[in-house]
Amino acid sequence: MPGPGAYLAGEEERKEVAEVMESQYLSRYGSEEDPRFKRKVITLEKEFAKRSSTQYAVAVNGGTGAIMAALTALGVGPGVEVIVTGYTFVASISAIIAVGGTPVLAEIDESLTMDPEDLEQRITDRTKVIMPVHMLGNPSDMDRIMAVAGKHKLLVLEDCCQALGACYKNKPVGSIGDVGAFSLNINKTITCGDGGLVITNSKEFYERAFGFHDQGHHPLRSGVEIGKRSIIGINLRMNELTGAFALGQLKKLDTILQKLHVRKDRFKELIASAEIRGMSFRKINDPRECATLLTLIFQHRDTAKSIAGALGTKTVSESGWHVYNHMEHILRVTDNQGNRLFHKHMLPQTDDILERSINLSVGVVDPGLGAGFGINILSDDKEIQKKAETFIKIAKRFIE
Ligand SMILES: *Cc1c(COP(=O)(O)O)cnc(C)c1O
């Protein structure tokens, strides 16, 4: 049950990948003099940076790797705290731990993204980075988050893994903070199976992210660079086959977003017209979100639970992914004195909102995030109407 890009994969991606197979250059590094070398990964980086209005991009093997490279670029390591939300994919949190940093969990608000007011309460003298996560395609409240960051001189890493293509006040997500991290895994707006990107306007952060992703080398290395490596890196490289597929998908991004918006608008309008009492839609921080999901928030959690059950889906709080309460491996993490950093129900505001929320699918069809009911990017108007009617009939059974 993949994201919208996977539904539309076809001839364009096949052509891009075939070019790489014919060239026999499979690594991102090839002979610049040889016209057979197709430079797919380098081209993807250029195109992606252009589209994101940033100067630099580094392609990596996944969103988790992108966050790790971005955190390392910003200087996160042992003793450094990063503030992130308790409602996110586990990778936002595990990537901080993997580079040696300490995650500090903050509450979400009714946009299902970081609550800027709560964020400010979590800042300590060890905080260095704020990591807003643009959840389910909806940009975080970046004006207020950037204001908090400015006031406390903190860096901002936007986790854009679920929001490629979204804009906040006319700026592409990822270009507002200091660094942005993206995923191209199978559930995202566009995909290449697995892949990711880091974007930034800072030459320093770019060089550090690039170095981390490839054994400390400088960007676009050619040959061996003994004596010149300024950072210890690992290998998170993207290969040419993956880069080629991603280029094919990137060309479809605008079509995908347009299709999603048309369907979401229609679905939402039909559901809104039923004027279901005690039900509202989640707060959208910018209309140029991705429109991958439609989230409903009920006044009472029992109503949400009953309606979700009757639809054959779950409330967001009970869905498997994205909820810190269900991350048993994260809940076990301790500091060096052996004290647990997290515990279940430590974020009452997040718990309350998620218990009252239901995600309906529009482009990302995934029961794991509670979106087991809804439409998809290929749904026609008849299907959208049918799904809206089913929803309204069931909701009214529990409300009126
Ligand atoms: C998907 C996702 C990631 C990780 O991406 P992978 O490509 O699966 O490693 C990180 N953060 C968020 C919010 C995500 O949704």
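Only a predicted model underlies this, so the values are computations on that prediction, with no experimental measurement involved.

Participant: Report on the domain arrangement of the protein, specifying residues and quantitative values.
Facilitator: Taken domain by domain, the protein holds domain 1 (4-250) and domain 2 (253-315 + 356-399). Between domain 1 and domain 2, the C-alpha centre-to-centre distance is 29 Å. Contacts between the two partners involve 32 residues from domain 1 and, on the opposite side, 29 residues from domain 2. In total, about 2400 Å² of surface goes out of reach between domain 1 and domain 2, with carbon and sulfur atoms giving 58% of it. Looking at the side of domain 1 facing domain 2, the largest losses of area belong to Tyr7, Glu110 and Leu136, adding up to 26% of the total buried there. If you look at where domain 1 meets domain 2, you find two salt bridges. One salt bridge connects Arg51 with Asp254, and the closest N-O pair in it is separated by 3.0 Å.

Participant: Help me get a handle on the environment of Ile93, residues and values and all.
Facilitator: Within the fold, Ile93 resides in helix α5 (residues 90-98). On the basis of relative accessibility, which here comes to 0%, the residue Ile93 falls in the buried class. C-alpha of Ile93 to C-alpha of Ile330: the two residues are 237 residues apart in sequence and 8.0 Å apart in space.

Participant: Help me get a handle on helix α10 (residues 253-273), residues and values and all.
Facilitator: Taking 1.5 Å as the rise per residue, α10 with 21 residues should run 30 Å; its terminal C-alpha atoms sit 30 Å apart, in good agreement. Taken as a whole, α10 has its buried residues at Leu253, Ile256, Leu257, Leu260, Arg263, Lys264, Phe267, Leu270 and Ile271. One or two residues past the end of α10 sits Glu275, with phi positive at roughly 45°.

Participant: Can you tell me about helix α14 (residues 381-399), naming the residues and giving the values?
Facilitator: Helix length check: α14, at 19 residues, gives a terminal C-alpha distance of 26 Å against a target of 27 Å (1.5 Å per residue), a fit within 8%. On its buried face, α14 is in contact with α10, β10 (279-281), β11 (293-298), α11 (301-311) and β12 (357-361).

Participant: So what's going on with empty space enclosed by the protein? Residues and values would help.
Facilitator: For the coordinates displayed, the defined rule picks out one cavity of 30 Å³ or more. Volume-wise, the largest cavity comes out at about 30 Å³. Taken together, Lys264, Lys268, Phe281, Arg282, Ile284, Leu294 and Thr295 make up the lining of the largest cavity. Across the lining of the largest cavity, the residue classes tally to three nonpolar, one polar and three charged.

Participant: Can you explain the packing of aromatic side chains? Please cite residues and give values.
Facilitator: Tallied over the full model, the rule gives five aromatic pairs. When the centroid spacing of 5.1 Å and the interplanar angle of 50° are considered together, the rings of Tyr25 and Phe37 count as tilted. Of this pair, Tyr25 sits in the loop between α2 (11-23) and α3 (40-51) while Phe37 sits in the loop between α2 and α3, and the two are 12 residues apart along the sequence. Pair check on accessibility: Tyr25 and Phe37 agree, each one buried. Ring geometry for Tyr56 versus Tyr206: centroids 4.5 Å apart, planes at 10°, classification stacked. Of this pair, Tyr56 sits in strand β1 (residues 56-60) while Tyr206 sits in helix α8 (residues 203-213), and the two are 150 residues apart along the sequence. Neither Tyr56 nor Tyr206 differs from the other in exposure class; each is buried. Through successive ring pairs, a cluster of aromatic residues spans Tyr56, Tyr206 and Phe210. Its end group placed over the ring of Phe89, Lys188 keeps NZ or CZ at 5.6 Å from the ring centre. The aromatic ring of Phe281 is capped on one face by Lys268, whose charged end is 5.0 Å from the ring centroid.

Participant: Got a sec to walk through the side chain of Ser23? Specific residues and values, please.
Facilitator: Mapped onto the elements, Ser23 comes out in helix α2. Of the residues examined, Ser23 reaches a relative accessible area of 3% and is grouped as buried. A polar atom in the side chain of Ser23 sits 2.8 Å from the backbone oxygen of Val20. Setting aside its immediate chain neighbours within four residues, Ser23 contacts Arg36 and Lys38.

Procedures and definitions
- Residues numbered from 1 in each chain as written.
- Predicted model: local features only at pLDDT ≥ 70, side-chain atom pairs only at ≥ 80, totals over all residues.
- Heavy atoms only, no water.
- Domains from an automatic or database assignment.
- Contact = heavy atoms within 4.5 Å.
- Buried area = accessible area lost by both parts, 1.4 Å probe.
- Salt bridge = Lys/Arg side-chain N within 4 Å of Asp/Glu carboxyl O.
- Helix = DSSP H or I, 4+ residues; strand = E, 2+ residues; numbered from the N terminus.
- Buried < 20%, exposed > 50% of the residue type's maximum accessible area, 1.4 Å probe, protein only.
- Expected span 1.5 Å × (residues − 1).
- 1 Å grid on protein atoms, 1.4 Å probe; cavity = no way out; pocket = protein on both sides within 12 Å on 5 of 7 lines; lining within 4 Å.
- Points joined across faces, edges and corners; volume = space filled by probe spheres on them.
- Nonpolar A, V, L, I, M, F, W, Y, C, P; charged D, E, K, R; others polar.
- Phe/Tyr/Trp six-rings, centres within 6.5 Å; stacked < 30°, edge-to-face > 60°.
- Lys NZ or Arg CZ within 6 Å of the ring centre and 35° of its normal.
- Polar contact = N/O pair within 3.5 Å; in protein donor to acceptor, adjacent residues only side chain to side chain.

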